[in-house]
Amino acid sequence: MIYLSGAILPRFIHPRLGWMVTPEMGNKLPDRGYFGIDNGCFSHPERFDRDRYADFVIKKIEEAPGRCLFATAPDVMGDHLGTLRQFEAHAEQLSATGAPVALVGQPGLGVEDVPWRDVDALFLGGGTAWRSGQEAHALALEAQRRGLWVHMGMVNTTRRIKAAQSMGCDSVDGTFLKYGPDK
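Because the structure is a prediction, the values reported are computed rather than measured.

**Some thoughts on unusual backbone geometry**
Even without being a glycine, Met 154 presents a positive backbone phi close to 50°. Mapped onto the secondary structure, Met 154 falls in the loop between strand E7 (149–152) and helix H5 (158–166).

As structure tokens, this is what we get:
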């Protein structure tokens, strides 16, 4: 499993460590390591701009060819129907960037709701209880069965890392390295 961090510092170069970037961060990627691209809708949904995001994704893919694990389609925190509408509205443009397109799972999303033919990766979002619950686990299993990358967001403790690993997640992200790098 790979841990993706927004704390892009040279001392953190490791084969199991990658990077999570958003348009708001402005970080330059190191010359090695995988990365995921998050749309930033969790922190600042009002700032999301479709064309700016597509340009950002293209820039990051050009900056680090062959290392992008996924780029999240816009999502609505806690609202799977709103997220599916956003996915439908943005997936084609995002796919045209060349990035693997990730659907962000939110509470209420069932395996039968996912437009699997348009999804390259599954990003388990939503609250902590949902991300570690049966619904998210079923989604992760189906994504794995289909050969898709599975990522879990906001994983900030060793216990949650182990839980994500037991669900078969390929990667996780969080602020663990930023706030507790020596732990």
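Picking up after the structure, the text goes on.
**Observations regarding the side chain of Thr 83**
Counting through the fold element by element, Thr 83 comes out in helix H2 (residues 80–95). Polar side-chain contacts of Thr 83 include one of 2.9 Å to the backbone nitrogen of Val 76. Among all residues touching Thr 83, those that are not within four sequence positions of it are Pro 74, Asp 75, Val 76, Leu 103, Val 104 and Gln 106.

**Things to note about the environment of Gln 106**
The topology assignment puts Gln 106 in the loop between strand E5 (101–105) and strand E6 (121–124). By relative accessible area, which is 1% here, Gln 106 ends up buried. Measuring from C-alpha to C-alpha, the distance between Gln 106 and Gly 78 comes to 5.4 Å, with 28 residues separating the pair along the chain. In this view, Gln 106 contacts Asp 75, Val 76, Met 77, Gly 78, Asp 79, His 80, Thr 83, Gly 125, Gly 126 and Trp 130; residues no more than four positions away in its chain are not counted. Among the polar contacts listed, one links the side chain of Gln 106 to the backbone nitrogen of Gly 126, at a separation of 3.2 Å.

**Details of helix H4 (residues 134–145)**
Taking 1.5 Å of rise per residue, the 12 residues of H4 would be expected to cover 16 Å, and the 16 Å separating its terminal C-alpha atoms lies within 8% of that figure. Contact partners of the buried residues in H4: E6, helix H3 (128–131) and E7. After H4 finishes, the residue Gly 147 shows a positive phi value of roughly 80°.

**Considerations on the nonpolar core**
Of all hydrophobic cores here, the largest spans 45 residues; its most connected members are Phe 35, Ile 37, Val 57, Leu 124 and Met 152. Core analysis: the next-biggest nonpolar cluster, separate from the first, contains 9 residues, Leu 4, Val 104, Ala 121 and Phe 123 among them.

**Examining the packing of helix H1 (residues 50–63) against H2**
A pair of packed helices is characterised by two quantities: the angle between their axes and the separation of those axes. In the contact formed by H1 and H2, the axes pass within 10 Å of each other and the chain directions differ by 35°. Judged by the twist between their axes, the crossing of H1 over H2 is right-handed. Listed contacts from H2 to Arg 50, Asp 51, Tyr 53, Ala 54 and Val 57 of H1 are Ala 89, His 90, Gln 93 and Leu 94.

Reading guide: rules and limits
- Residues numbered from 1 in each chain as written.
- Predicted model: local features only at pLDDT ≥ 70, side-chain atom pairs only at ≥ 80, totals over all residues.
- Heavy atoms only, no water.
- Helix = DSSP H or I, 4+ residues; strand = E, 2+ residues; numbered from the N terminus.
- Polar contact = N/O pair within 3.5 Å; in protein donor to acceptor, adjacent residues only side chain to side chain.
- Contact = heavy atoms within 4.5 Å.
- Buried < 20%, exposed > 50% of the residue type's maximum accessible area, 1.4 Å probe, protein only.
- Expected span 1.5 Å × (residues − 1).
- Core = buried A, V, L, I, M, F, W, Y, C linked by side-chain atoms within 4.5 Å.
- Axes fitted to C-alpha atoms, helices over the stretch in contact; angles between N-to-C directions.
- Left-handed = near helix turned anticlockwise from the far one by under 90°.

Function cannot be inferred from these measures alone, as they are strictly geometric.
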